[in-house]
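Chains, contacts and geometry: an overview
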Amino acid sequence: AKKKKVKSGVVMAKRALHAVALAGTGHKMPLIGLGTWKAEKGVVAKAVEEALKLGYRHLDCAADYGNETEVGAGIKAAIDAGVCTREDIFVTSKLWNTFHAKEHVLPACKKTLTDLGLDYVDLYLIHFPISLKFVPFETRYPPEWIHDSSAAQPKMELAAVSIQETWEAMEALVQQGLAKNIGVSNFSTSLLADVLKYAKIKPAVNQVELHPYLTQPNLVRFCEMNNVVVTAYSPLGSSSYESIGGATKEENVLNNAKIAAIAKAHNKTPAQVVLRWAVQRGYTLVPKSSNPARLLENISVFDFELTPDEMQTIFGLNINRRFNDPAVYCEKAFGQWWSIFD
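Every value quoted in this text rests on a predicted model; they were computed, and no experiment measured them. (Residues numbered from 1 in each chain as written. Predicted model: local features only at pLDDT ≥ 70, side-chain atom pairs only at ≥ 80, totals over all residues. Heavy atoms only, no water.)

Comments concerning the pattern of salt bridges
Scanning the model with the defined rule gives 10 salt bridges in all. Note that E49 is salt-bridged to K46, the shortest N-O span being 3.9 Å. One end of the pair, E49, and the other, K46, are both in helix α2 (residues 44-54), three residues apart, so they sit about a helical turn from each other. A network of salt bridges, in which partner residues are shared, links K46, E49 and K53. (Salt bridge = Lys/Arg side-chain N within 4 Å of Asp/Glu carboxyl O. Helix = DSSP H or I, 4+ residues; strand = E, 2+ residues; numbered from the N terminus.)

A look at the packing of helix α4 (residues 102-116) against helix α5 (residues 163-175)
Contact geometry for α4 and α5: axes closest at 8 Å, N-to-C directions at 40 degrees. The orientation of α4 with respect to α5, classified from their angle, is oblique. In this structure, the crossing between α4 and α5 has a hand that is right-handed. Contacts from K102, E103, V105, L106 and C109 of α4 reach α5 at E165, T166, A169, M170 and L173. Partitioning the contact of α4 with α5 into residue classes produces six nonpolar, one polar and three charged. (Axes fitted to C-alpha atoms, helices over the stretch in contact; angles between N-to-C directions. Parallel < 35°, antiparallel > 145°, perpendicular 65-115°, else oblique. Left-handed = near helix turned anticlockwise from the far one by under 90°. Contact = heavy atoms within 4.5 Å. Nonpolar A, V, L, I, M, F, W, Y, C, P; charged D, E, K, R; others polar.)

Some details on the packing of α2 against helix α11 (residues 292-299)
At their nearest, the axes of α2 and α11 sit 10 Å apart, and the two run at 40 degrees to each other. Taken together, the axis directions place α2 and α11 in an arrangement best described as oblique. The two elements α2 and α11 meet at a crossing, and its hand is right-handed. The segment α2 lies against α11, with A47, E50, A51 and L54 engaging P292, L295 and L296. By residue class, the composition of the contact of α2 with α11 is six nonpolar, no polar and one charged.

Focus on the side chain of R281
Along the chain, R281 falls in helix α10 (residues 270-281). No salt bridge forms around the buried R281; measuring N to O, its nearest opposite-charge neighbour E224 is 6.9 Å away. In this structure the side chain of R281 is engaged in a polar contact, spanning 2.8 Å, whose partner is the backbone oxygen of T215. Of note is the side chain of R281, whose polar atom sits 3.3 Å from the side chain of Y283. Once residues within four sequence positions are removed from consideration, R281 is found in contact with L210, T215, Q216, P217, V220, E224, M311 and F315. (Buried < 20%, exposed > 50% of the residue type's maximum accessible area, 1.4 Å probe, protein only. Lys, Arg positive; Asp, Glu negative; His and termini not counted. Polar contact = N/O pair within 3.5 Å; in protein donor to acceptor, adjacent residues only side chain to side chain.)

Quick notes on the environment of E50
Summarising the element assignment, E50 is placed in helix α2. By relative accessible area, E50 is classed as partly exposed at 22%. Separated by 161 residues in sequence, E50 and H211 have C-alpha atoms that sit 25 Å apart. Not counting chain neighbours up to four residues away, the residues in contact with E50 comprise P292 and L295.

Things to note about the nonpolar core
In terms of nonpolar packing, the biggest core is built from 86 residues, with Y124, W145, W167 and M170 touching the most fellow members. Sort the elements by how many residues they give to this core and α10 lands first, with seven residues. F90, L123, V205 and V229 belong to the second-largest nonpolar core, a separate cluster that totals eight residues. (Core = buried A, V, L, I, M, F, W, Y, C linked by side-chain atoms within 4.5 Å.)

The following block contains the structure:
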């Protein structure tokens, strides 16, 4: 097939240049990606296409988000329009909890690839270190947390599958060319240390919740020591959790007076200051938006630098506030208590 000519601009090209090399493969992972959690059906395809037009080259997806078909439509539209090629884009997806058994990892990855319309993902992550009982695609997809929604008392049901079993099946995906890199998400230091002991292919990335109210310095340092790239989800803090009762408006870091003062000093928005702080910490991040103006705002953070004092001021906001904690919501929402962060 004839290769389409890709439209490019100096500004978009500069945005795409900011990337980190992954250990093991050297593949370049753009520092800022588009998060697609809670991106609504009917909106996400256009948001993905618009993001790619603005210069995004990193898309963060997951089977559990229930919108990978729409994400794939957005990718196809951008490629067909000559905005980019498949090779220009870094696409991440995630293995859901119900597919941890070795016989389910490959079909789950293939399902994601079919939905995205891709031959491979650049990065495939274990979404949570929580193994749940298998739910077939034809029963419910995405399966979400509850095992049998028709039961008298619906609840999530744990499965006796080790992380090692899952990881070995993840390694097979790399050998088959379905995933270029593999990694983990929501893994603590101790869980990641255990994987590193037996992994033939080391985790390239650990994607975790990181923002000024949850800085996780020990986890970040451990990852750096072991050449594991950190990706921050929810880098802007509480906003994605307010609508589902997981946070209050008062907990929104973008309303913090110290953030506002720093933003004013740089003639930037509070969101840009928080994202710049993350960039200067040295990890990748995946803020979510479907608003074209916000999409542009979130990626326009490479033309200023925070001072050491400003960085320290933002570090000082840490209160260890975790918005995505299974120990808080699993029992209440899914009928089964479980903890992954001791």
